[in-house]
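# Reading the structure
Residue strings, one per chain:
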Amino acid sequence: MRVAAGMIFAGAVSLLASSAAWSQALPTKGATAQPQAAAAPAPVPAPPPAPVSTRPPCNNPNALGIGRTVEIDTTGGPGFGFEHFKELDFLRDKEVVLTFDDGPWPVNTPSVLKTLAEECTTGIFFPIGKHATYHPEILRQVMAAGHTIGSHTWSHAALVNKKLNEDQRKEEIEKGFSAVKWALGKAPAPFFRFPALQHPPEMVTYLGTRNIAIFSCDLDSFDFKASKAQTIIDTVMRKVEKNGKGIILMHDFQRHTAEALPELLKKLKAGGYKVVAMRAKAPVQTIAQYDEEVVKDLKLPTVSSRPVSSVVQTISE
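Quantities reported herein were computed from a predicted structural model and do not represent experimental measurements. (Residues numbered from 1 in each chain as written. Predicted model: local features only at pLDDT ≥ 70, side-chain atom pairs only at ≥ 80, totals over all residues. Heavy atoms only, no water.)

## Regarding the overall build of the chain
- Helix and strand counts for the chain stand at eight helices and 11 strands.
- Counting across all 317 residues of the chain, residues that qualify as buried make up 51%.
- Here the chain has roughly 14,500 Å² of accessible surface; of this, 55% comes from carbon and sulfur atoms. (Helix = DSSP H or I, 4+ residues; strand = E, 2+ residues; numbered from the N terminus. Buried < 20%, exposed > 50% of the residue type's maximum accessible area, 1.4 Å probe, protein only. Areas by Shrake-Rupley, 256 points an atom, 1.4 Å probe, with all protein chains shown as cover.)

In structure tokens:
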């Protein structure tokens, strides 16, 4: 089992008293300022605003719940997940982070959301930009449920592909965030995961300049290879018991993952594991050029090496 990096870096994770991490509603979106009469042509109408979370307090006494919430300062593009990044190990023993890639997708993503709600717990969703434009209503459900949302590129292109030039790689990253922003009606977290966890060094550097955190994982469920739900459950539990904790990679795009999740969360609860929620200190700052490209191309409506303590802050226990 790894030694927590909080023992390596001075003043590791700060603690702040707070309790209702699950039951707090999302803030209501502010009203948009009225355009001046002599302003430029009015923007194309935005999609309907995302619903505000109305989730009641957890009524399941046996729910997995949320152990604590941490806030991430993404300045400089910190990396998380020991598959690729060894510096920021903020998880305590028996703590996990649930992450889901490749959505939003009909049936499967709503099923994942239902299970998370029943267990009063949370995850990080890394949607594909195109999928976000196909099913913005599902992605807004993810946000309304209080989950953290990042991005997983525009089209899931392998950014290590040598046929892509640097501008095309950047476009995959930036249009992904812009598409998610369009779907949500607000900017998502500056959290990014590379397709297939393949990290071209120049894009890692680029994300650092954009202050976007990079997520690898500590254990991969390999759910996209599984032919049945039980295989996913067995794989995750075997790996988490070996590691003792970790960022778990799954896919809300996959049917077997949605089928496996109820039993998997019950096993995590029975094993004494607690879920850590990860929030960003500030939303991503999308680039206007790519915001416009998403709207234009699809004819859509408008819409580190630093110490752990400087990157991750516990905001609830």
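## Regarding the confidence of the model for the chain
- Per-residue confidence for the chain gives a mean pLDDT of 84, with 79% of residues at or over 70.
- Note that pLDDT drops below 50 for residues 1-45; the model gives that stretch 66 contacts with residues more than four away or on any other chain. (pLDDT = per-residue confidence, 0-100. Contact = heavy atoms within 4.5 Å.)

## Considerations on the pairing of strand β1 (residues 68-72)
- Among the five residues that make up β1, four are buried, leaving the element largely enclosed by the rest of the structure.
- Note: β1 against strand β10 (residues 274-280), five bridges, orientation parallel. The partner of Thr69 across the bridge, within β10, is Ala277. (Pairing = 2+ DSSP bridges.)

## Section: the nonpolar core
- The biggest cluster of nonpolar side chains holds 35 residues, and the ones touching the most others in it are Leu98, Phe100, Leu116, Leu139, Leu261, Leu264 and Leu268.
- Among residues more than four places away in sequence, those in contact with Leu98 are Leu116, Thr121, Thr122, Gly123, Ile124, Ile248, Met250, Leu265, Leu268 and Val275.
- Ranked by size, the runner-up nonpolar core spans 18 residues in total, among them Val70, Ala213, Phe215 and Val311. (Core = buried A, V, L, I, M, F, W, Y, C linked by side-chain atoms within 4.5 Å.)

## Quick notes on the sheet that holds strand β6 (residues 191-192)
- Strand order in this open sheet of three strands is β2-β7-β6, and the pairing throughout is parallel. On the outer flanks of this sheet lie β2 (79-80) and β6, each paired with one strand and no other.
- Relative to strand β7 (residues 213-215), β2 is paired through two bridges, and the arrangement is parallel. Paired with Phe80 across the strands is Phe215, a residue of β7.

## Things to note about the side chain of Asp252
- Considering the arrangement of structural elements, one finds Asp252 in the loop between β9 (246-251) and α7 (255-270).
- Despite its burial, Asp252 pairs with no opposite charge; the closest candidate is Arg193, at 8.7 Å N-O.
- Within the structure, Asp252 has its side chain in polar contact with the side chain of Thr109 (distance 2.7 Å).
- Not counting chain neighbours up to four residues away, the residues in contact with Asp252 comprise Phe100, Asp101, Asp102, Gly103, Pro104, Asn108, Thr109, Val112 and Phe125. (Lys, Arg positive; Asp, Glu negative; His and termini not counted. Salt bridge = Lys/Arg side-chain N within 4 Å of Asp/Glu carboxyl O. Polar contact = N/O pair within 3.5 Å; in protein donor to acceptor, adjacent residues only side chain to side chain.)

## Regarding the packing of aromatic side chains
- Under the defined criterion, the tally for this structure stands at nine aromatic pairs.
- Measuring from centroid to centroid gives 6.2 Å for Phe177 and Phe192, while their planes differ by 35 degrees, and the two rings are tilted. Taken together, the positions of Phe177 in helix α4 (residues 166-184) and Phe192 in strand β6 put the pair 15 residues apart, joining distant regions of the chain. Across the pair, Phe192 and Phe177 agree in class, each one buried.
- These aromatic residues form a ring-pair network of at least three members: Phe80, Phe90, Phe126, Phe191 and Phe215.
- The side chain of Lys175 reaches across the aromatic face of Trp154, ending 4.5 Å from its centre. (Phe/Tyr/Trp six-rings, centres within 6.5 Å; stacked < 30°, edge-to-face > 60°. Lys NZ or Arg CZ within 6 Å of the ring centre and 35° of its normal.)

## Looking at the pairing of β9
- Extensive coverage of β9 is indicated by the burial of six of its six residues.
- In terms of strand pairing, strand β3 (residues 95-101) meets β9 through six bridges, oriented parallel. What sits directly across from Asp101, in β9, is His251.
- Here strand β8 (residues 219-220) runs beside β9; their pairing, made up of two bridges, is parallel. Along β9, the bridge assignment pairs Asp220 with Leu249.
- In this fold, the crossover linking β8 to β9 by way of helix α6 (residues 229-243) has right-handed handedness. (Right-handed = clockwise from strand over helix to strand, strands pointing away.)

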